[in-house]
Amino acid sequence: FQQVKGRLTVENCSSERGGGVMLGRPVDHVTRAKELFVQFPSGAATFRGCSAVNWGGCIFSWGRVRMSGALDFVTATSRYGGGMYVNGNVDASRSNMSFSNCRSTGTGAALVAIGTARLGKVFVMKCSSGMLSAVLSAEEDLIAKEIIIGSDTKSSIEMSAVAGGYAQVESMVCNADHCKLRAATGDVRLRNLRCPLGSGRDIRSSSTVCLRCPASMMSLTNEINASCQKCPDEAEVCLPDRLKMLPGMTVDPQNVSIALHCANPSACPGGELAELHVPEDVLGGHGKIHLEDQVSKAMCRDGYAGKTCEQCVGMHGMADSSPLQCTLCPKNSFFALTQSIAFYVSKDAFLFLSATFSALTAGQQKKQSAVMINQLMAFATVSNIVVGGLMQSESFEHLQDDTQRLMRFADVVVDIAQGQGGGGISRECVLKSLNFPSSLGHCHLASIIMPILLMASLAFKEPRLSVVVGANVFLPAFTAAFGKYLIAFRTKPQSQGGTLETPFLPGFAFDWLVISGAILLCFTSGIFGWAQVVLAHRGEGTTAPKYVLYLTQSYKSECCAWEIERLVRKMLLCLITTLLPVTYSPSWQMESVSLVLIASLLLHFIFKPYNVDLWNATEIGLLTLALVLTGLTTTVLANDLHWAHSFVTGRVTIVLVIMLVAMICGTMAILVIVNIVKERRWKEDERTSVSDSPKAASSAED
C-alpha cells in the first residue's frame, strides 16, 4: 500500500487485527522483508475511533513499513499496539506521528514494532498501556528524534518507551509524573530529557526516567536534564513543585537549593516560586538572565530587583539614606518634579543661610539658644540612627499601623532637620524624571550642585567664611556619600563559600582604594583646615574674624578648637550610617555609634570645653541619654534573635525609646524657643537703654 499524497481518513472501524488497515498475509520471511506500507512526504493519514481485538487498533502490518508524511491516531484500542502494530521494522525517521487517547491491555498503547523502530517526531497524549506501561515498544532497537508525552497528561500512571536492544532518543519531553526510556540491554542513549515541574531526571541501570521528587526535594524548572534539588534549609514551605522562602531570604537563580540572605530584609517579604520557565529560544543562550529575572520577580518586593533584591527598578529609586532601600518615585509630572527640586534647594539653602547668619552675628559670647540648637541637632543625629534601627526590628512589624506611621514620620522629620538625608525623597527619581543618568555616582554629583552654588555666592564677599560654613553644613553628608560605594555584604555564610559583595563600587581599577582615599582626604581637610583657622587667630578675642568666632565663641580659650570634635563626630556618625546600613548590619551600626558616643562623652567629661557649666552638663547628659538609646535599640535587635524572644518586650522597649526621644527633643525645642524669646527681649531692652542714655545726659546738662 502506497500513499503518494493527499489525506487518508479512516473512522470508526474495527477488526480482530488491524481495525483500520491490515497489510500483508501471515508472516514468512519474504513478507516480513517487504515494505507493505509506504507513505511519501506529501501524504497524511488520520485514524479515528478504530479498534482491534488483538493487534493494531488502527494499523496492522505483517511486514515492515516506511512513512515520511504525517499520521494521526485518535481514540484507538487493542490488546497489543493500540495505535499501530508492525511485525517488522518501522522506518518513520522523517515522519510526524501523534497518538491521542490510545489504549492497550498489553504492551504498546501507541506503537509496537517487532523489529527496529526508527521514528522522527512522536507525540503521545493520554495513552495508557497495561503491560510495562509501554506506550512505545520495539522488540529490537528504538531510535527517535523526539518523543513528547502529551502536555495535558498529569497522570500518576507511568508512561514508558521500551526497547529490546538499545534505546537512542535525541530529545524526550515528559509532561506526566512518571516517564521512562528503558532498554533491556541497559544501553540507553537519551541526550535531552525535559521533565515536568516537581519531577527530575534519574539515571538507572537499564533506564532513564522522569521521577516525582521525594520529600525535601524539588524541581521548579523546565530546563533540559534538570534533576531534583535539595530544598533550602531556610524554606518556609518546600514541595516538589513549589517553594516559599522565609522573609528576608531569596534563592540563587542558578541553584535554587542555595538560600541567599537579602542585604535589605524588608526587600524580601518571603517570595514563592512555583515555576522557573526558560523559553526554548533562549535555553542555549541567555537562559540564566531569564531565570534571574523570574526569581527576582517572585522573591523581591515591588520596586526591587537583582540577585538579592539590592537594585531599584521601575518607578522606584534609591533612597538618599541608603542605596539598599528603594522609594516610590512621584508620578512623572511637572508639579512633582518641581516639588522635589524645591525640597532639595530649600533644605540646603535653609541650613546654609542659618549657619551663615549665625556666623555673621557671632560675638565674644555665643547665645545660649544657638548652643542649644547645635546640641539638639547633634542629639537628633543619634535619634535618627536609633529610630532607623528600631524600624528594622521584627518587633516593629508587630506594632499597630498608626505607631509605625508615626515612627516613619518622626524618622523623616529628624532626617530633614539634621540636614543629612532626603526625607524619603530620592535624587535618583529626580534624575530619572529629567532623563539624566541616575547611577549612584550621578546622584552623588547631583547632591553637591546646590552646596557649590551657595558656597560660591558667599565666597564673593567672604571666601573663608564660605569654606568654614560650607564644611560645617555639607562636609559630613558629602563624606558619608562615599561610604555608599563601599557597602559590602555577604549573601550566604562564609562557611558555605559566601564572599563579600560590593555591588555599588564604580568598577574602575583600584576603585575601593580611590574611594577610601577620598574619605580620608575629607576628614584630613576638615580637621587640619579648621585647626589652622582657629590656631592662627588664637587669643584675638572679639577682634578675630567672624568665621573664627563662629567656631570658637562657645568654648574656653584652652579648648578653642573643640568645634573640630563636633565636626568629626558628625562625619563619623554619618559615615557609619551609610557604610554599615541598618538594613544589613544594625548591630554593627549600633556598636560603632556607641563607640563614637563613648569617646565623645569621655572627652567632654574630662575637658568640659564650654565656657558655661550648664552647657557642659547639658552636653554630657545628652550624650549619656544617646548611649542609653543605642543600648535599648541593641537590646531590641538582640531580643529578636533570641529563641525565647518576646514581642511584648520588644514593643515595650520601642515605646520607651520613642517616649525618651520625643520627651528630650520636645524639651530641648521648647527651651530653644524660650531662650530665643528671652534673648530678643534683652536685645530690645539694651536698645531702649542706649537710646535713653543721650536724653538723660542732655537733661542733666540743662
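### Observations concerning the packing of aromatic side chains
Turning to step 1, where the next piece is worked out: All chains considered together, the criterion is met by 14 aromatic pairs.
Turning to step 2, where the next piece is worked out: Ring centres 5.5 Å apart and planes at 35° place the aromatic pair phenylalanine 1 and phenylalanine 37 in the tilted group. Here phenylalanine 1, found in the segment before strand S1 (2-11), pairs with phenylalanine 37, found in strand S4 (residues 35-48); they are 36 residues apart in sequence, far enough to count as distant.
Turning to step 3, where the next piece is worked out: For phenylalanine 37, a relative accessible area of 3% puts it in the buried group.
Turning to step 4, where the next piece is worked out: Plain terms: the ring middles of tyrosine 610 and tryptophan 615 are 6.1 Å apart, the flat faces sit at 85° to each other, and that makes the pair edge-to-face. Take tyrosine 610 and tryptophan 615: they sit in the same class, and that class is buried.
Turning to step 5, where the next piece is worked out: In textbook terms, an aromatic cluster arises when at least three aromatic residues are bridged by ring pairs, as seen for Trp55, Phe60, Trp62 and Tyr85.
Turning to step 6, where the next piece is worked out: The cationic tip of arginine 17 hangs over the ring face of phenylalanine 60; the distance from NZ or CZ to the ring centre is 5.4 Å.
Turning to step 7, where the next piece is worked out: Positioned over the ring face of phenylalanine 605 is lysine 608, at 4.7 Å from the centre of the ring.

### Thoughts on the state of the cysteines
Turning to step 1, where the next piece is worked out: Overall, the coordinates contain eight disulfides when judged by the stated rule.
Turning to step 2, where the next piece is worked out: Each sulfur of the disulfide joining cysteine 231 and cysteine 238 lies 1.8 Å from the other. Across the disulfide from cysteine 231 to cysteine 238, rotation about the S-S bond amounts to roughly -75°, and the bridge is consequently left-handed.
Turning to step 3, where the next piece is worked out: Residue classification places cysteine 231 among the buried positions, given a relative accessible area of 9%.
Turning to step 4, where the next piece is worked out: Shown here is the disulfide that connects cysteine 262 with cysteine 268, its sulfur atoms set 1.8 Å apart. Looking along the S-S bond of the cysteine 262-cysteine 268 disulfide, the torsion reads about -95°, which is the left-handed sense.
Turning to step 5, where the next piece is worked out: Under the relative-accessibility criterion, cysteine 262 is labelled buried at 5%.
Turning to step 6, where the next piece is worked out: Free of any disulfide, cysteine 443 has its nearest cysteine sulfur in cysteine 429, 8.8 Å distant.
Turning to step 7, where the next piece is worked out: Overall, cysteine 443 belongs to the buried group, its relative accessible area being 10%.
Turning to step 8, where the next piece is worked out: Of the cysteine sulfurs around cysteine 559, a residue in no disulfide, the closest is that of cysteine 560, at 8.0 Å.

### Section: the sheet that holds strand S11 (residues 111-113)
Turning to step 1, where the next piece is worked out: Ordered by their spatial adjacency, nine strands build an open sheet running S3-S6-S9-S11-S14-S16-S18-S21-S20, and the pairing between neighbours is mixed. Looking at strand neighbours, the two that pair on one side only are strand S3 (21-23) and strand S20 (199-203), the edges of this open sheet. Taken over all neighbouring pairs, the strand axes of this sheet differ in orientation by 10° on average, direction set aside.
Turning to step 2, where the next piece is worked out: Inspection of the sheet shows strand S16 (residues 159-163) paired to strand S18 (residues 179-183) by five bridges, in the parallel sense. Opposite serine 160, over in S18, you have lysine 180 as the bridge partner.

### Comments concerning the sheet that holds strand S25 (residues 242-245)
Turning to step 1, where the next piece is worked out: The strand order S24-S25-S28 describes an open sheet built from three strands, whose pairing is antiparallel. In the strand order of this sheet, the two ends are held by strand S24 (235-239) and strand S28 (272-273), each with one partner.
Turning to step 2, where the next piece is worked out: Judged from the four bridges that link them, S24 and S25 form a sheet pairing that is antiparallel. Note on S25: the bridge partner recorded for alanine 235 is methionine 245.

### Let's talk about unusual backbone geometry
Turning to step 1, where the next piece is worked out: Phi at cysteine 309 is positive, roughly 60°, even though this residue is not glycine.
Turning to step 2, where the next piece is worked out: Note that cysteine 309 resides in the loop between strand S29 (304-305) and strand S30 (311-312).
Turning to step 3, where the next piece is worked out: A residue is classified by how much of its surface remains accessible, and cysteine 309, at 1% relative accessible area, is buried.

### Looking at helix H4 (residues 368-390)
Turning to step 1, where the next piece is worked out: Over its 23 residues, H4 runs 32 Å from end to end, which matches the ideal 33 Å to within 8%, given 1.5 Å per residue.
Turning to step 2, where the next piece is worked out: Of all 23 residues in H4, 19 are buried; the element is thus mostly enclosed.

### Description of the pattern of salt bridges
Turning to step 1, where the next piece is worked out: Tallying each qualifying case throughout the model produces 15 salt bridges.
Turning to step 2, where the next piece is worked out: Here arginine 191 and glutamate 170 are joined by a salt bridge, their closest N and O atoms 2.9 Å apart. Of this pair, arginine 191 sits in strand S19 (residues 188-194) while glutamate 170 sits in strand S17 (residues 167-173), and the two are 21 residues apart along the sequence.
Turning to step 3, where the next piece is worked out: Relative accessible area serves as the criterion here: at 58%, arginine 191 is assigned to the exposed category.
Turning to step 4, where the next piece is worked out: Overall, glutamate 170 belongs to the partly exposed group, its relative accessible area being 36%.
Turning to step 5, where the next piece is worked out: One salt bridge connects aspartate 320 with arginine 427, and the closest N-O pair in it is separated by 3.7 Å. Linking aspartate 320 in the loop between strand S31 (316-318) and strand S32 (326-328) with arginine 427 in helix H7 (residues 427-433), this pair joins segments that are 107 residues apart in sequence.

### Thoughts on the pairing of S16
Turning to step 1, where the next piece is worked out: Along S16, five of the five residues are buried, which leaves the element largely enclosed by surrounding structure.
Turning to step 2, where the next piece is worked out: Alternating residues of S16 divide into Met159, Ala161 and Ala163 and Ser160 and Val162, and every residue in both groups is buried.

### A short note on the packing of helix H11 (residues 511-536) against helix H13 (residues 563-579)
Turning to step 1, where the next piece is worked out: Taken N-terminus to C-terminus, the directions of H11 and H13 make an angle of 165°; their axes are 9 Å apart at the nearest point. Taken together, the axes of H11 and H13 lie roughly antiparallel to each other. Judged by the twist between their axes, the crossing of H11 over H13 is right-handed. Residues Ile519, Cys522, Phe523, Gly526, Ile527, Trp530 and Ala531 of H11 form the contact with H13, whose participating residues are Glu563, Ile564, Leu567, Val568, Met571, Leu572 and Leu575.
Turning to step 2, where the next piece is worked out: Residue composition of the contact of H11 with H13, grouped by class: 12 nonpolar, one polar and one charged.

### Some remarks on a nonpolar patch on the surface
Turning to step 1, where the next piece is worked out: Taken together, Leu595, Ile598, Leu602, Leu603, Phe605, Ile606 and Phe607 make up a surface patch of nonpolar side chains, about 690 Å² in accessible area.
Turning to step 2, where the next piece is worked out: With respect to the secondary-structure elements, isoleucine 606 resides in helix H14 (residues 586-607).

### Points about the environment of alanine 235
Turning to step 1, where the next piece is worked out: As for its placement among the helices and strands, alanine 235 is situated in strand S24.
Turning to step 2, where the next piece is worked out: For alanine 235, a relative accessible area of 21% translates into the label partly exposed.
Turning to step 3, where the next piece is worked out: Separated by 10 residues in sequence, alanine 235 and methionine 245 place their C-alpha atoms 4.4 Å apart.
Turning to step 4, where the next piece is worked out: Among residues more than four places away in sequence, those in contact with alanine 235 are Leu243, Lys244, Met245 and Leu246.

### Remarks on helix H8 (residues 440-447)
Turning to step 1, where the next piece is worked out: Along H8, the positions that sit buried rather than exposed are Leu440, Cys443, His444 and Ser447. The buried side chains of H8 occupy one side of the element, clustering within an arc of 105° when seen end-on.
Turning to step 2, where the next piece is worked out: Looking at the buried side of H8, the elements it contacts are S31, H7, helix H9 (449-459) and helix H10 (463-485).

### Some words on the packing of helix H3 (residues 334-360) against H10
The relative placement of two packed helices is expressed as an angle between their axes plus a distance between the axes.
Turning to step 1, where the next piece is worked out: The contact between H3 and H10 brings their axes to 10 Å, and the two run at 130°. As the angle between them shows, H3 and H10 are arranged oblique. In the packing of H3 onto H10, the handedness of the crossing is right-handed. On the side of H3, the interface is formed by Asp348, Leu351, Phe352, Ala355, Thr356, Ala359 and Leu360, while H10 contributes Leu465, Ser466, Val469, Gly470, Val473 and Phe474.
Turning to step 2, where the next piece is worked out: Residues belonging to the contact of H3 with H10 are distributed by class as follows: nine nonpolar, three polar and one charged.

Calculation notes
- Residues numbered from 1 in each chain as written.
- Predicted model: local features only at pLDDT ≥ 70, side-chain atom pairs only at ≥ 80, totals over all residues.
- Heavy atoms only, no water.
- Phe/Tyr/Trp six-rings, centres within 6.5 Å; stacked < 30°, edge-to-face > 60°.
- Helix = DSSP H or I, 4+ residues; strand = E, 2+ residues; numbered from the N terminus.
- Buried < 20%, exposed > 50% of the residue type's maximum accessible area, 1.4 Å probe, protein only.
- Lys NZ or Arg CZ within 6 Å of the ring centre and 35° of its normal.
- Disulfide = S-S within 2.5 Å.
- Pairing = 2+ DSSP bridges.
- Axes fitted to C-alpha atoms, helices over the stretch in contact; angles between N-to-C directions.
- Expected span 1.5 Å × (residues − 1).
- Salt bridge = Lys/Arg side-chain N within 4 Å of Asp/Glu carboxyl O.
- Parallel < 35°, antiparallel > 145°, perpendicular 65-115°, else oblique.
- Left-handed = near helix turned anticlockwise from the far one by under 90°.
- Contact = heavy atoms within 4.5 Å.
- Nonpolar A, V, L, I, M, F, W, Y, C, P; charged D, E, K, R; others polar.
- Patch = residues over 30% accessible without salt bridge, like charges linked within 9 Å, V, L, I, M, F, W, Y side chains within 5 Å.
- Areas by Shrake-Rupley, 256 points an atom, 1.4 Å probe, with all protein chains shown as cover.
- Arc of directions from axis to C-beta.

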